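Examination of the molecular architecture
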Protein chains: 2
Amino acid sequence: MKVNIFDVAKKSGLSVVTVSRVLNNSPSVREKNRQKVLQAIKELNYIPNSAARTLVRGKTGVIGLTITALGDTVFDCIVKTVNDRLKQSGYFLAISISNEADHEMEEASSFLFQEDRVDGIIVLSPVREEQYIAELEIKGIPYVVIDNQNEHANIPTINVDNYKGGYEATKHLLSLGHTRIAHVSGEVLFLSARERQKGFIDALADEGLSPFLIANSRFGIRSGYQVMRDWIQSGQVPTAVFAGDDAIALGVVEALEAGGYRVPEDVSVIGYDDQELASEVHPRLTTIRQPAGQMGEYAVKVLLDIINGSPIELTKFRLVPELIVRESTGICRDQRQNT
Amino acid sequence: MKVNIFDVAKKSGLSVVTVSRVLNNSPSVREKNRQKVLQAIKELNYIPNSAARTLVRGKTGVIGLTITALGDTVFDCIVKTVNDRLKQSGYFLAISISNEADHEMEEASSFLFQEDRVDGIIVLSPVREEQYIAELEIKGIPYVVIDNQNEHANIPTINVDNYKGGYEATKHLLSLGHTRIAHVSGEVLFLSARERQKGFIDALADEGLSPFLIANSRFGIRSGYQVMRDWIQSGQVPTAVFAGDDAIALGVVEALEAGGYRVPEDVSVIGYDDQELASEVHPRLTTIRQPAGQMGEYAVKVLLDIINGSPIELTKFRLVPELIVRESTGICRDQRQNT
DNA sequence: ATGAAAGCGCTAACAG
DNA sequence: CTGTTAGCGCTTTCAT
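Let us look at the structure shown here. (Residues numbered from 1 in each chain as written. Chains lettered and ligands numbered in written order. Predicted model: local features only at pLDDT ≥ 70, side-chain atom pairs only at ≥ 80, totals over all residues. Heavy atoms only, no water.)

**Some points on the overall build of chain A**
Rules: Secondary structure counts use DSSP, requiring at least four H or I residues in a row for a helix and at least two E residues in a row for a strand, with both numbered from the N terminus. With the radius of gyration taken over C-alpha atoms, the globule rule is written as 2.2 Å times the number of residues to the power 0.38. With a 1.4 Å probe rolled over the protein chains alone, any residue whose accessible area is under 20% of its type maximum counts as buried; one over 50% counts as exposed, and the rest are partly exposed. Computed with a 1.4 Å probe, the accessible areas rest on the Shrake-Rupley method; for each residue, only the protein chains presented here act as cover. For the purpose of counting charges, residues Lys and Arg are taken to be positive, whereas Asp and Glu are taken to be negative. His and the chain ends are not included. To locate a charge, the coordinates of NZ of Lys, CZ of Arg, CG of Asp or CD of Glu are taken.
Looking only at helices and strands, one finds twelve helices and twelve strands in chain A. Here chain A has a C-alpha radius of gyration of 26 Å; the compact-globule value for 339 residues is 20 Å, and the former is much larger. With respect to the principal axes defined by its C-alpha atoms, chain A has extents near 90 × 40 × 35 Å. Counting across all 339 residues of chain A, residues that qualify as buried make up 55%. Just so you have it, chain A exposes about 15,000 Å², and 49% of that area is on carbon and sulfur atoms. Here chain A carries 36 positive and 44 negative side-chain charges, and the mean point of each set is 11 Å from the other.

Given below as structure tokens:
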């Protein structure tokens with residue numbers, strides 16, 4: 001049943017070494033023999049045993065990526081890019097969903113951490129960052145983390161400048177003539193949420209303005225909906241709102257429309273992330289795009305450099321997000337009246 | 001740097017065999033010695049080499065799962081369940097995103113297929129089903145496919161009864177007094193879309209009714225939006241619509257509200273899948289829930305049975321979906337007037 | 001209860 | 001250009 005390299009050698013009338021050579025594309029094999037081997041491989045339906053190869057080579061050829069949940073189109077894009085880039089470098093990608101609901105410390109380790117199944121790991125937006133890092137350090141597994149929480153950590157990271165994102169989003173609103181601008185943030189527990197908010201406040205301050213309203217809420221549609229509904233009920237309606245993410249933005253839009261306000265005619269709404277949803281919903285969301293592809297690229301580059309022991313200049317990257325203007329933001333009504 | 005079992009043996013003053021025994025929880029090790037070994041392992045920070053173990057044992061202990069894209073909360077749930085169930089059985093899960101945009105045949109194989117890195121594979125809702133299956137069969141890798149496209153294929157599958165889903169969704173609308181019911185389907189290229197539509201038509205027929213309108217469209221928000229908008233513009237507004245999935249439903253609701261219709265007061269809308277979105281959007285969507293958890297469970301069970309050569313009674317499962325009533329459907333207005 | 005020895009399938013020297 | 005010979009790190013007989 002199980003056919004191995006010896007079977008192929010016998011069948012092709014050559015030695016295992018030669019077979020191994022054609023397996024590894026060694027140029028030093030007579031074309032005629034190469035064909036014989038290939039032929040035998042095909043006939044026998046032979047597949048090299050990866051465990052044996054890994055054992056002797058000392059490396060697995062696979063890079064792991066841990067992620068906490070699917071259902072995020074930005075992550076999806078990152079993962080796809082990582083997958084492609086890795087393939088180009090001759091590596092395979094293995095993804096592991098780390099159940100964040102797992103009983104605390106119990107088993108922080110995904111299968112990737114166990115033993116030495118991967119040559120390196122990309123940690124994507126971890127919840128328990130410290131734990132992961134500690135474990136990886138101990139085990140001596142090369143890694144890089146994308147979107148980390150602890151800004152002080154001196155580890156290889158790929159991040160996006162959330163401060164700038166918040167700042168730019170607000171500036172966009174400002175440029176449209178808005179002055180009564182509110183912000184619905186995601187959990188301030190997240191560094192990203194805090195940074196976006198900071199950018200928001202500073203952008204306003206730079207114009208001598210202060211926030212019309214700020215709600216420290218949660219990421220998600222319902223959250224945005226509730227906040228906006230409450231504001232409407234209390235008669236406090238801004239002319240523009242900067243939402244902590246696209247889901248919040250969607251909720252805000254829903255609440256606004258339910259309350260009889262039109263977006264963007266009556267109030268403008270800008271999201272964050274540029275999830276797939278953002279360009280499908282009506283009105284299509286103006287938002288701050290995460291440079292997902294770039295994040296994936298850089299992560300792979302940094303990780304591979306570390307693995308190969310390449311001279312590493314820099315292992316901390318801070319990428320910049322991009323403003324995507326669509327339909328949910330427009331000139332401030334008050335402004336329009338003046339014209 | 002690299003510490004192996006011999007180092008542990010030396011440090012603990014015992015043989016590699018004994019070390020191996022404690023590694024594998026063999027009961028035949030004197031408690032005192034077990035402690036010594038454990039101690040040495042800890043001090044040396046020893047991690048067993050999985051390649052070596054795999055090589056000698058003949059099995060990897062990891063199950064692969066291929067998926068085409070993240071961003072789907074139903075898949076997310078399936079994957080999480082699979083992950084947990086597998087862990088319970090002592091297996092690890094490795095996920096592989098199969099780039100469907102890949103140059104055709106070129107490299108249909110994910111890293112999971114290459115060589116023999118996994119003991120079995122769960123194929124989740126494949127696009128190029130036939131190709132996958134063929135490859136898996138040739139390589140002799142145990143597998144099971146969830147949500148397959150080819151209804152005739154005689155392979156281990158876990159499916160959901162989409163016909164019943166479509167039928168029940170329609171019956172729900174019918175029970176609310178609706179008679180002018182329309183359907184916006186996903187790509188009829190998908191077996192699931194065709195089956196749902198069939199259930200829709202049959203449910204209507206059983207009441208002596210025929211579809212008010214049917215649009216063979218695509219899955220997605222914009223698609224639902226466009227179809228509904230066109231219907232409204234042409235003055236053909238149903239009192240209820242059965243959407244091929246939750247995204248379509250969301251688009252339909254948006255178009256309806258943009259057109260001045262209220263959901264569910266003026267027209268009822270039912271979705272399909274019960275994506276996370278469904279319960280977050282306003283109004284919260286009535287929908288047909290996919291039994292995601294169950295799918296994961298059955299898939300693992302079937303696959304493990306195949307791997308273990310257990311006497312297998314059945315390898316084809318057809319699970320039943322569930323109607324989740326929320327806010328987007330209500331009594332037909334005409335009906336209400338009569339009461 | 002413990003250990004010595006024989007591989008698991010493959011590749012990396014080192015000859016020829 | 002091709003083959004012989006050692007292992008890679010671990011588990012598994014088979015003794016003791």
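Now that the structure has been shown, the text picks up again.
**Points about the sheet that holds strand S6 (residues 181-185) of chain B**
Residues and elements named next belong to chain B. The condition that has to hold: Strands pair, by our definition, only if DSSP identifies at least two bridges between them. Under this scheme, a helix contributes an axis fitted over its contacting stretch, all axes are lines through C-alpha atoms, and angles between N-to-C directions fall in the 0 to 180 degree range. Here, residues are in contact when the closest pair of their heavy atoms is within 4.5 Å.
Taken in spatial order, the four strands of this open sheet run S7-S6-S8-S9, and their pairing is parallel. Where the open sheet ends on each side, the last strands, each with one partner, are strand S7 (213-216) and strand S9 (268-270). Averaged over neighbouring strand pairs, the angle between their axes works out to 15° when direction is ignored. Note that strand S8 (residues 240-243) and S9 share three bridges and pair parallel. Each residue of the ladder has a partner; that of Val-241, found in S9, is Val-269. Sitting on the sheet, helix H7 (residues 162-175) is in contact with S6, S8 and S9, with an inclination near 165° to S8.

**A closer look at the environment of Gly-259 of chain A**
Residue placement: Gly-259 of chain A occurs in the loop between helix H10 (246-258) and strand S9 (268-270). It is 8.9 Å that separates the C-alpha atoms of Gly-259 of chain A and Gln-233 of chain A, two residues lying 26 residues apart in sequence.

**Remarks on the packing of H7 of chain B against helix H8 (residues 191-205) of chain B**
Residues and elements named next belong to chain B. Filter applied, for reference: Orientation categories follow fixed angle ranges, with anything under 35 degrees roughly parallel, anything over 145 roughly antiparallel, 65 to 115 roughly perpendicular, and all other angles oblique. Less than a right angle of anticlockwise turn of the near helix away from the far helix marks a crossing as left-handed, whereas a clockwise turn marks it as right-handed. Residue polarity follows a fixed list, in which Ala, Val, Leu, Ile, Met, Phe, Trp, Tyr, Cys and Pro are nonpolar, Asp, Glu, Lys and Arg are charged, and the others, Gly among them, are polar.
Where H7 meets H8, the closest approach of the two axes is 7 Å, and the angle between their N-to-C directions is 40°. On the basis of the axis angle, H7 is oblique to H8. Both H7 and H8 take part in a crossing whose hand is right-handed. Of the residues in H8, those in contact with Asn-162, Tyr-163, Gly-166, Tyr-167, Thr-170, Lys-171 and Leu-174 of H7 are Ser-192, Glu-195, Arg-196, Lys-198, Gly-199, Phe-200, Asp-202, Ala-203 and Leu-204. For the contact of H7 with H8, the residue count by class is six nonpolar, five polar and five charged.

**Remarks on the packing of helix H2 (residues 16-23) of chain A against helix H3 (residues 31-44) of chain A**
Packed helices, taken two at a time, are described by their axes: the angle between them and the distance between them. All names here are of chain A. Relative to each other, H2 and H3 sit at 85°, their axes nearing to 10 Å. On the basis of the axis angle, H2 is roughly perpendicular to H3. Contact residues: H2 offers Thr-18, Val-19, Val-22 and Leu-23, while H3 offers Arg-34, Val-37, Leu-38 and Ile-41. Split into classes, the residues belonging to the contact of H2 with H3 amount to six nonpolar, one polar and one charged.

**Side note on the sheet that holds strand S7 (residues 213-216) of chain A**
Backbone-to-backbone hydrogen bonds join strands into a sheet, with any given pair of strands oriented parallel or antiparallel. Residues and elements named next belong to chain A. Strand order in the open sheet made by the four strands is S7-S6-S8-S9, with parallel pairing throughout. Only two strands of the sheet have a single partner each, and these edge strands are S7 and S9. The sheet shows a mean angle of 15° between the axes of neighbouring strands, taken without regard to direction. Contacts between H10 and the sheet are confined to strand S6 (181-185), strand S8 (240-243) and S9, with S9 contributing the most and set at about 165° to the helix.

**Brief notes about the protein's contact with DNA strand C**
As a reminder, the rule being used: The cutoff for a nearby residue is simple: one of its non-hydrogen atoms must lie within 4 Å of the molecule or strand. Between N or O atoms, a polar contact is any pair within 3.5 Å; within protein, one atom must be a potential hydrogen donor and the other a potential acceptor, and residues adjacent in sequence are included only when both atoms are from side chains.
The local shell around DNA strand C holds 23 residues, among which Ile-5 and Tyr-46 of chain A together with Thr-18, Arg-21 and Asn-33 of chain B are the closest. Near the protein, within 4 Å, the atoms of DNA strand C are sugar or phosphate in 66% of cases. In the environment of DNA strand C, a base nitrogen lies 3.4 Å from a nitrogen or oxygen atom belonging to the backbone of Ala-52 of chain A. Looking at the surface near DNA strand C, the elements with two or more residues in it are H2 and helix H4 (50-57) of chain A together with helix H2 (16-23) and helix H4 (50-57) of chain B. Across the surface near DNA strand C, the residue classes break down as eleven nonpolar, eight polar and four charged.

**Points about the relation of the copies chain B and chain A**
Which entries qualify depends on this criterion: A residue counts toward the fit only if its pLDDT is at least 70 in both copies, and the copies are then superposed by least squares on the C-alpha atoms of those residues.
Note on the copies: chain B fits chain A at an RMSD of 0.1 Å, the axial shift is 0.0 Å, and the rotation between them is 180°. Expressed as an axis order, the relation between the two copies is that of a two-fold axis. Closest to the rotation axis within chain B is the C-alpha of Gly-71 of chain B, separated from it by 1.8 Å. A share of 100% of interface residues in chain B that are also interface residues in chain A marks the association as one of identical surfaces.

**Topic: the protein's contact with DNA strand D**
Close to DNA strand D lie 23 residues; Val-17, Arg-21 and Asn-33 of chain A together with Ile-5 and Tyr-46 of chain B are nearest. Within 4 Å of the protein, the contacting atoms of DNA strand D are drawn from sugar and phosphate to the extent of 63%. In the environment of DNA strand D, a phosphate oxygen lies 2.7 Å from a nitrogen or oxygen atom belonging to the backbone of Arg-30 of chain A. Here a phosphate oxygen of DNA strand D and a side-chain polar atom of Asn-24 of chain B are 3.2 Å apart. When contributions to the surface near DNA strand D are tallied by element, the ones reaching two or more residues are H2 and H4 of chain A together with H2 and H4 of chain B. Among the elements that take part in the surface near DNA strand D, H4 of chain B stands out by supplying four residues, more than any other. For the surface near DNA strand D, the class distribution of residues is eleven nonpolar, eight polar and four charged.

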